[in-house]
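One letter stands for each residue in the lines below.
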Amino acid sequence: MLAAAVLALATAVERDPVDYTYGNVALGGAGYVSGIITRIEEPYLTYIRTDVGGMYKWDGGKWNPLMDWVSEEDQGLLGVETLALDPNDPSRLYAVAARDDRSNGKTALLRSTDYGETFEVIDVSHMWKAHGNGMGRVTGEKLVVDPGSSNVLYCGTRLDGLMKSTDYGTTWSKIVSLNVTALAEDDPLPSYAWPGITDVFWKNGVSFVHPDPNTVSGGLAQRIFVGVSNFNGPSFFVSNDAGETWTEAAGGPVGLAPVRVAMRGKTELIVTFASAPGPWDIWSGGSAYRFTIATGVWTKIISGDRAFGGVDVHPTNPDVIIMSSLNLEGVQGDPQQGVGEQVYRSDDGGNTWTNLMDKYTKSAYGDVEWINHGVTPDYAIHWGGCLKFDPWDYKKVWITSGNGIWRSTDINAQAVNWEFTVAGLEETVPLEAISIEGTPLISAVGDYDGMVHHDVTKYYPRHEPNMKTTHGLDVAHWYTDCQVRAGDEKIYYTKTGASGWIEMEVFKGPQGEVAVSAKCNAVLLTTGGVTYQTRDFGKTWAEVSGLTALRVVADRWTDNKFYAYDNGEFKVSTDTGRTFWKWSTLPSGGSEVIRAAPGIEGDVWVALNEGGLARTTDSGRSFKFLDVAEARTVGLGKAAEGRSYFTIFIWGKPTPASTMGVYRSIDEGKSWVRVNDDKHQYGGPNDGKFLIGDMNEFGTWYLATGGRGIAYGRLSSNEATASKKSQ
């Protein structure tokens, strides 16, 4: 066991940035769209929010992301809890964003005065905590602009009641006269809550705030409705004096709480109810009610063995109401797969209803290939907690889903077709991506398997057989048709490329990371803190000794070598992964994702976060430390023309004064150039923790985000060439 030999290279030089174009590897939705807001007057507007991937704006043909500027430090802001438009100034867009499990739970009001092109971030963490990926994210909207005054905003919270701002969201105060904080506290965590779950995640608090635009007086809506996720008591409140005092609107359903609300004309509300805040964990039914404002009378208009979520009223005909079920995770039109989410229509103000899914068809808008290749709930509308009439065409209706967003082609048709309309929307959580010279990019993603990408701008089918999340993926260097992918319940291998997958006989555990030896003679699987080796593709497994690392990497030349970084210890195996031993000591606190250079024995790169960047060329006997201030993750790509070694990419900072981002070196780390910009940070490398280069196209990089799919950057000249080839 040797201490790492230290040789600092020349001081890193940061060069001027070059011209890059940015985008996403085309996967197609594959994440939860939790809410929609629209403007039905000109200019027509439609925005959506997602639970982990920020918000988007519809331009008539595709969804445009609005939050790629989010930094690594603020990555939690990609969980958007609620949206609001100013009804009097369509350029003003607001959101409350946070994830309780990221960025120390930082909660912020995002404020835009240019239709979402740019945002001001106002930290409100000292007032309340939000969670865009928490329970109840399907309800809404919690945030609203008073229709009488653009400077007045209201925001319902999970644990802290109702807030009010009178200066466009700059400062906030609590409306103490509406005492709903105790109601949230009365909702205990469930007995099956997993370790680490928090009240901010589990408790939804205020579901929606709805000012009545017909009651504006003195610059304020006098009547305000508030729904609360209280299932054991009062859940619907009304103020008739602009929030000064409140009364319970008693007489609604017992044991249920409101999910969403829509105004029908000037005299009624339509309110949906469920037995839990959703979008899952709803084990009993729900209902929908008509609330007559003048009398305070509740009238049930629909009920059944299901919860109800989304609701909207036709913009020009208040007799036409649409409504969706909530948490029916089946397949529409296929009873063997469960019922699936349902959409109902009433043409008489809610007295009678037609189920539009009785004659259900589906299609893909924009050739999103994978949605047409399956019959499980993953491929159908589910978690449909919000739906809205399309402001451009009232025959069309948007509905949210756990896999993206769908839109009817004609709600008036005898058989309504629903299009999977996710062009531009990328919300996967990528866990691995592999680029090898002469082969297409291969991805592994959460919930939706991953794909083989012959052209990163086009959509392809998911890996088949499906297993939802692909946690681990690797390819043998010398035999690239040999591939392994590991999921939560199965492990597959293939010797014929990314097809012909065969299930391994013995499954050792979920959430496994895999490494395949260079000549495909051994596979290592790390699961549950234990690493196993198989040399017969899963018929038998042996526990590996000397290793507790989460990720192992194979040498990309020699078949018998594997490496691992184990929080300061660099370990090596020379017996195809059967045993590991400590070979060198490195700084602790580095990234577990290390990179072995293709076709070169013993050449391994280790990103050490604040410890910089280290490289060994002798299988870990010694290391050279590059003079890099921070390296969060490292990857390799095709060499530049005239260069003999791979292009190096890091997410980090070449110098202490550098901006955190993606940097590229074509001279083995002597100099660096930034190849992203402040508008394209994507929250930094996230769950998958990878940044890799393309081995077939110089300069192109791929980044693992925490909900914006696989982001890429490519030289603008490459983008233009690729565009011509794909035409």
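Residues numbered from 1 in each chain as written. Predicted model: local features only at pLDDT ≥ 70, side-chain atom pairs only at ≥ 80, totals over all residues. Heavy atoms only, no water.

> How would you sum up the overall build of the chain? Please name residues and give values.
For the chain, the helix and strand inventory stands at three helices and 59 strands. Taking 27 Å as the expected radius of gyration for a compact globule of 727 residues, we find that the chain reaches 27 Å, a close match to that expectation. By its C-alpha atoms, the chain is 80 × 55 × 55 Å across when sized along the principal axes. At a minimum sequence separation of 6, the contacts of the chain that also span at least 24 residues come to 53%. (Helix = DSSP H or I, 4+ residues; strand = E, 2+ residues; numbered from the N terminus. Rg over C-alpha atoms; globule rule 2.2 N^0.38 Å. Contact = heavy atoms within 4.5 Å.)

> Which residues make up unusual backbone geometry, and what values do they have?
Both trends apply: most residues other than glycine have a negative phi, and most peptide bonds are in trans. Geometrically, the link from E42 to P43 is a cis peptide bond, its omega value of -5° lying close to zero. With respect to the helices and strands, the residue P43 is situated in the loop between β3 (33–39) and β4 (45–50). Across the junction of G140 and E141, the peptide omega takes the value 0°, indicating a cis bond. Along the chain, the position of E141 falls in the loop between β10 (120–123) and β11 (143–145). Phi at C520 is positive, roughly 70°, even though this residue is not glycine. Following the sequence through the fold, C520 ends up in the loop between β41 (513–516) and β42 (523–527). For C520, a relative accessible area of 11% translates into the label buried. Backbone geometry places E668, a non-glycine residue, at a positive phi of 60°. Relative to the helices and strands, E668 resides in the loop between β55 (661–665) and β56 (671–674). Accessibility expressed as a relative area gives 27% for E668, which makes it partly exposed. (Buried < 20%, exposed > 50% of the residue type's maximum accessible area, 1.4 Å probe, protein only.)

> Tell me about the sheet that holds strand β7 (residues 80–85), residues and numbers included.
The strand order across the open sheet built from four strands is β7-β8-β9-β10, with neighbouring strands paired in antiparallel fashion. Where the open sheet ends on each side, the last strands, each with one partner, are β7 and β10. Here the strands of the sheet are splayed against their neighbours by 20° on average, with no regard to which way each runs. Of the pairings in the sheet, the one linking strand β9 (residues 108–112) to β10 comprises four bridges and is antiparallel in character. Bridge pairing in β10 places L109 opposite I122. (Pairing = 2+ DSSP bridges. Axes fitted to C-alpha atoms, helices over the stretch in contact; angles between N-to-C directions.)

> Would you mind going over the pairing of strand β59 (residues 710–715) in detail, with residue names and values included?
Counted residue by residue, β59 has six buried out of six residues, so it is predominantly covered. Side chains I710, Y712 and R714 project from β59 onto one buried face, and the interleaved A711, G713 and L715 project onto a second face that is buried too. Examined bridge by bridge, strand β2 (residues 20–24) and β59 share five bridges and lie antiparallel to one another. For T21, the partnering residue across the bridge sits in β59 and is R714. As paired strands, strand β58 (residues 701–704) and β59 are joined by four bridges and run antiparallel to one another. Within β59, the residue paired with Y702 across the bridge is Y712.

> Requested: an account of the environment of N466, with residues and values cited.
Relative to the assigned elements, N466 resides in the loop between β36 (452–453) and β37 (472–475). Relative accessible area serves as the criterion here: at 30%, N466 is assigned to the partly exposed category. Separated by 17 residues in sequence, N466 and D449 place their C-alpha atoms 6.3 Å apart. Once you skip the residues sitting within four places of it in the chain, N466 turns out to touch Y379 and D449. Of note is the side chain of N466, whose polar atom sits 2.4 Å from the side chain of Y379. Polar side-chain contacts of N466 include one of 2.7 Å to the backbone oxygen of H463. (Polar contact = N/O pair within 3.5 Å; in protein donor to acceptor, adjacent residues only side chain to side chain.)

> Give a description of the state of the cysteines that names residues and reports values.
In the structure shown here, the tally under the stated rule is one disulfide. Paired by a disulfide, C482 and C520 hold their sulfur atoms 1.8 Å apart. One disulfide, between C482 and C520, carries an S-S torsion of 60° and so falls in the right-handed class. Taken together, the residues C482 in the loop between β37 and β38 (483–486) and C520 in the loop between β41 and β42 connect sequence positions 38 residues apart. Just as C482 is buried, C520 falls in that class too. The thiol sulfur of C155 is not disulfide-bonded, and the nearest other cysteine sulfur, from C386, lies at 16 Å. (Disulfide = S-S within 2.5 Å.)

> Describe the confidence of the model for the chain, listing the residues and the values that go with them.
For the chain, the mean per-residue pLDDT works out to 93, and 95% of the residues sit at or above 70. A low-confidence stretch, residues 1–11 (pLDDT under 50), is modelled with 29 contacts involving residues beyond four sequence positions or located in other chains. (pLDDT = per-residue confidence, 0-100.)

> Explain the sheet that holds β36 to me, and be specific about the residues and the numbers.
Two pairing modes exist for strands in a sheet, parallel and antiparallel, and in both the strands are linked by backbone hydrogen bonds. Taken in spatial order, the three strands of this open sheet run β34-β35-β36, and their pairing is antiparallel. Bordering the open sheet on either side are β34 (430–434) and β36, each of which pairs with just one other strand.

> I'd like a description of the pattern of salt bridges, backed by residues and values.
Following the criterion strictly, the structure yields 37 salt bridges and no others. The residue D74 makes a salt bridge to K106 at a minimum N-O spacing of 3.2 Å. Of this pair, D74 sits in the loop between β6 (63–65) and β7 while K106 sits in the loop between β8 (93–97) and β9, and the two are 32 residues apart along the sequence. Exposure remark for D74: the relative accessible area of 16% places this residue in the buried category. Among the ionic pairs, R551 bridges to E592, the shortest N-O distance being 3.7 Å. Separated by 41 residues along the polypeptide, R551 in the loop between β44 (542–543) and β45 (553–554) and E592 in the loop between β48 (581–585) and β49 (595–596) bring together distant segments of the chain. Of the residues examined, E592 reaches a relative accessible area of 18% and is grouped as buried. Linked by salt bridges that have partners in common, D378, D449, R462, K468 and R485 make up one network. (Salt bridge = Lys/Arg side-chain N within 4 Å of Asp/Glu carboxyl O.)

> Any chance you could break down the nonpolar core for me, citing the residues and the numbers?
In terms of nonpolar packing, the biggest core is built from 49 residues, with W370, I405 and W418 touching the most fellow members. For this core, the leading source of residues is strand β31 (residues 393–401), giving three residues. If sequence neighbours within four positions are ignored, I405 has contacts with V33, I36, I48, W63, W398, I399, T400, E419, F420, T421, V422 and L425. Counting 18 residues, the second largest nonpolar core, distinct from the first, contains L66, L77, A108 and L110. (Core = buried A, V, L, I, M, F, W, Y, C linked by side-chain atoms within 4.5 Å.)

> Lay out the side chain of S573 in plain terms, naming residues and giving numbers.
Along the chain, S573 falls in strand β47 (residues 569–573). For S573, a relative accessible area of 0% gives the class buried. Polar side-chain contacts of S573 include one of 2.7 Å to the side chain of D575. Those residues in contact with S573, other than ones at most four positions away along the chain, are N560, K561, F562, R578, T579, F580 and W581.

> Tell me about a nonpolar patch on the surface, residues and numbers included.
Taken together, the side chains of W478, Y479 and W557 present a nonpolar region at the surface, about 340 Å² in accessible area. Note on placement: Y479 falls in the loop between β37 and β38. Taking the relative accessible area as the measure of exposure, Y479 reaches 47% and is therefore partly exposed. (Patch = residues over 30% accessible without salt bridge, like charges linked within 9 Å, V, L, I, M, F, W, Y side chains within 5 Å. Areas by Shrake-Rupley, 256 points an atom, 1.4 Å probe, with all protein chains shown as cover.)

> Account for the packing of aromatic side chains, naming residues and giving values.
According to the stated counting rule, one finds 33 aromatic pairs in the structure shown. Seen in terms of ring centroids, Y289 and W298 are 6.1 Å apart; in terms of plane orientation they differ by 80°. Their pairing is edge-to-face. By relative accessible area, Y289 is classed as buried at 10%. A relative accessible area of 10% means that W298 is categorised as buried. With a centroid separation of 5.0 Å and an interplanar angle of 75°, the aromatic rings of F570 and F623 are classed as edge-to-face. (Phe/Tyr/Trp six-rings, centres within 6.5 Å; stacked < 30°, edge-to-face > 60°.)

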